[in-house]
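Next come the chains, spelled out residue by residue.
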Amino acid sequence: MGFFSRLRRMMANREVPADGVAILAPVSGRLVPIEQVPDVVFSEKIVGDGVAIDPTGHQVVAPIDGTIGQIFDANHAFSLESPLGLELFVHFGIDTVELRGAGFTRLAEAGQQVSAGDPILEFDLDYLKENAKSVLTPVVIANMEDVQSLDKQEGEVVAGQSAILRAFL
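The sections below set out a description of the structure shown in this document. (Residues numbered from 1 in each chain as written. Predicted model: local features only at pLDDT ≥ 70, side-chain atom pairs only at ≥ 80, totals over all residues. Heavy atoms only, no water.)

1. Some words on the side chain of aspartate 146
Piece 1. Along the polypeptide, aspartate 146 turns up in the loop between β11 (137-141) and β12 (149-152).
Piece 2. A distance of 2.8 Å separates a polar atom in the side chain of aspartate 146 from a polar atom in the side chain of asparagine 143. (Helix = DSSP H or I, 4+ residues; strand = E, 2+ residues; numbered from the N terminus. Polar contact = N/O pair within 3.5 Å; in protein donor to acceptor, adjacent residues only side chain to side chain.)

Listed below in structure tokens is the structure:
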């Protein structure tokens, strides 16, 4: 993947920012280390590296400009690819797929171009806290082979406004 991402950037004549690519919070809340997510797929970074957010609010927004690759049928997760080839995966909660879409409303579609901060999903936080294993929301970079280094932020974040990660490609 790394070679093709670099090739796409070169062909599109896109320069990688020297200060890295900022990835914004898709949900408001408190940042939590990815290692604390109660699912080994995330805590052991099997699908990629990133952070998790203990959410507040009711909406999931695009963390970066790009194209939605897929929104899962249960509306609990989506993938997003930036013009620079960064591939993100946002997964609301743990075992939320088992709710079969209950607690979520889809606001965007696969293939849609979005800007950072555009709404993707709405969620009923009270319902999800009662019915999901966890509401911790992992945000991971799926193509870490393209990332030279990753700066992770800490503290409280606001959806669509606060940087949670800075990726250096």
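Moving on from the model shown.
2. Some points on the pairing of strand β2 (residues 28-33)
Piece 1. As defined by bridge partners, β2 adjoins strand β3 (residues 49-56) across 6 bridges and the pair is classed as antiparallel. Note on β3: the bridge partner recorded for glycine 29 is proline 55. (Pairing = 2+ DSSP bridges.)

3. Section: the sheet that holds β12
Where strands meet in a sheet, backbone hydrogen bonds hold them as pairs that are either parallel or antiparallel.
Piece 1. Spatial strand order, β1-β14-β12: 3 strands in an open sheet with antiparallel pairing. Of all strands in the sheet, those with a lone pairing partner are β1 (21-24) and β12, marking the two edges. Pairwise comparison of adjacent strand axes, ignoring direction, gives a mean angle of 20° for this sheet.
Piece 2. Bridge count for β12 against strand β14 (residues 163-168) is 4 bridges, and the pairing is antiparallel. When the bridges of β14 are listed, leucine 150 appears paired with alanine 167. (Axes fitted to C-alpha atoms, helices over the stretch in contact; angles between N-to-C directions.)

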